[in-house]
Amino acid sequence: MVSKTVKVVNAQGMHMRPAGMLVAEMKKFAGCNTILKVNGKEVKATAVMQIMAAGIKCGSEVEIVCDGEGEQEALDAAAGMFESGFGE
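All of the points below concern the structure found in this document. (Residues numbered from 1 in each chain as written. Predicted model: local features only at pLDDT ≥ 70, side-chain atom pairs only at ≥ 80, totals over all residues. Heavy atoms only, no water.)

1. A look at helix 3 (residues 71–83)
This is how the line gets drawn: Put simply, DSSP H or I for four residues or longer makes a helix, DSSP E for two residues or longer makes a strand, and each gets a number counted from the N terminus. Expected span, for any helix, means 1.5 Å times one less than how many residues it has. Think of it in three bands: with a 1.4 Å probe and only protein chains considered, a residue is buried below 20% of the maximum accessible area for its type, exposed above 50%, and partly exposed in between. Between two residues, a contact is recorded if the distance between any of their heavy atoms is within 4.5 Å.
For helix 3, with 13 residues, the first-to-last C-alpha span of 18 Å sits near the 18 Å given by 1.5 Å per residue. Here helix 3 has its buried residues at Glu-71, Ala-74, Leu-75, Ala-77, Ala-78, Ala-79, Met-81 and Phe-82. Buried residues in helix 3 make contact with strand 1 (2–7), helix 1 (16–26), strand 2 (32–38) and strand 4 (61–68). Once helix 3 ends, the next one or two residues include Gly-85, with phi positive near 70°.

2. A look at the packing of aromatic side chains
The condition that has to hold: Classification of ring pairs rests on two measures: the distance between centres of Phe, Tyr or Trp rings, Trp counted by its six-membered ring, which must be within 6.5 Å, and the angle between planes, read as stacked under 30 degrees, edge-to-face over 60 and tilted in between.
Per the counting criterion, the structure on display carries one aromatic pair. Considering the side-chain rings of Phe-82 and Phe-86, the 5.1 Å spacing of their centres and the 75° angle between planes classify their relative orientation as edge-to-face. The exposure class of Phe-86 is buried, given its relative accessible area of 2%.

3. A look at the nonpolar core
Put simply, the rule reads: By nonpolar core is meant a set of buried Ala, Val, Leu, Ile, Met, Phe, Trp, Tyr and Cys residues that side-chain atoms within 4.5 Å join together.
Leu-22, Leu-36, Ile-51, Val-62, Ile-64 and Phe-82 are the most contacted members of the largest nonpolar core, which totals 28 residues. If you list the elements that add at least two residues to this core, you get strand 1, helix 1, strand 2, strand 4 and helix 3. When residues of this core are assigned to their parent elements, the largest contribution, seven residues, is made by helix 3. Excluding its chain neighbours within four sequence positions, the residues that come into contact with Val-62 are Lys-4, Thr-5, Val-6, Val-8, Leu-36, Lys-37, Val-38, Ile-56 and Phe-82.

4. What to know about the pattern of salt bridges
Going by this rule: Whenever a carboxyl oxygen of Asp or Glu lies within 4 Å of a side-chain nitrogen of Lys or Arg, that contact is scored as a salt bridge.
Counted under the stated rule, the structure contains four salt bridges. Where Lys-4 meets Glu-83, a salt bridge forms, and the shortest distance between an N and an O atom there is 3.0 Å. Placement of the pair is Lys-4 in strand 1 and Glu-83 in helix 3, with a sequence separation of 79 residues. Residue Lys-28 pairs with Glu-25 through a salt bridge whose shortest N-O separation is 3.0 Å.

5. A closer look at the side chain of Glu-71
Just so we agree on the cut-off: Charge assignment: positive for Lys and Arg, negative for Asp and Glu; neither His nor the chain ends contribute.
For Glu-71, the location among the structural elements is in helix 3. An unpaired buried charge is present at Glu-71: no salt bridge exists, and Lys-37, the closest side chain of opposite charge, is 13 Å distant.

6. Describing the environment of Val-65
In this fold, Val-65 is placed in strand 4. Along the primary structure Val-65 and Gln-50 are separated by 15 residues, whereas in three dimensions their C-alpha atoms are 16 Å apart.

7. Side note on the pairing of strand 2
This is how it is decided: Here, a strand pair is defined by DSSP locating no fewer than two bridges between the strands.
Counted residue by residue, strand 2 has five buried out of seven residues, so it is predominantly covered. Pairing analysis gives four bridges linking strand 2 to strand 3 (residues 41–44), with the strands arranged antiparallel. Bridging from a neighbouring strand, Leu-36 pairs with Val-43 of strand 3. Where strand 2 hands over to strand 3, the hairpin turn is made up of two residues, of which Asn-39 adopts a positive phi near 50°.

Bear in mind that shape data such as this cannot, by itself, settle questions of function.
What follows is the structure, encoded as structure tokens:
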């Protein structure tokens, strides 16, 4: 299991587009379970509605936890997306 804490930098937070991008990327790592821990909640990084329901705003700290096959690659991919602001 590997984890990293990142900060949400895109001004609109985790709205539908970045949430969808994250879900699509994490589904490429089928053997890895990826969880986002934010605001006392744990949500699956492959469930767009859970991400949306978490209400992740700009400036929020999110702990990304990956466990399973390809966990480091999945963590690097997810963290890179957050750190780049999902291209916004």
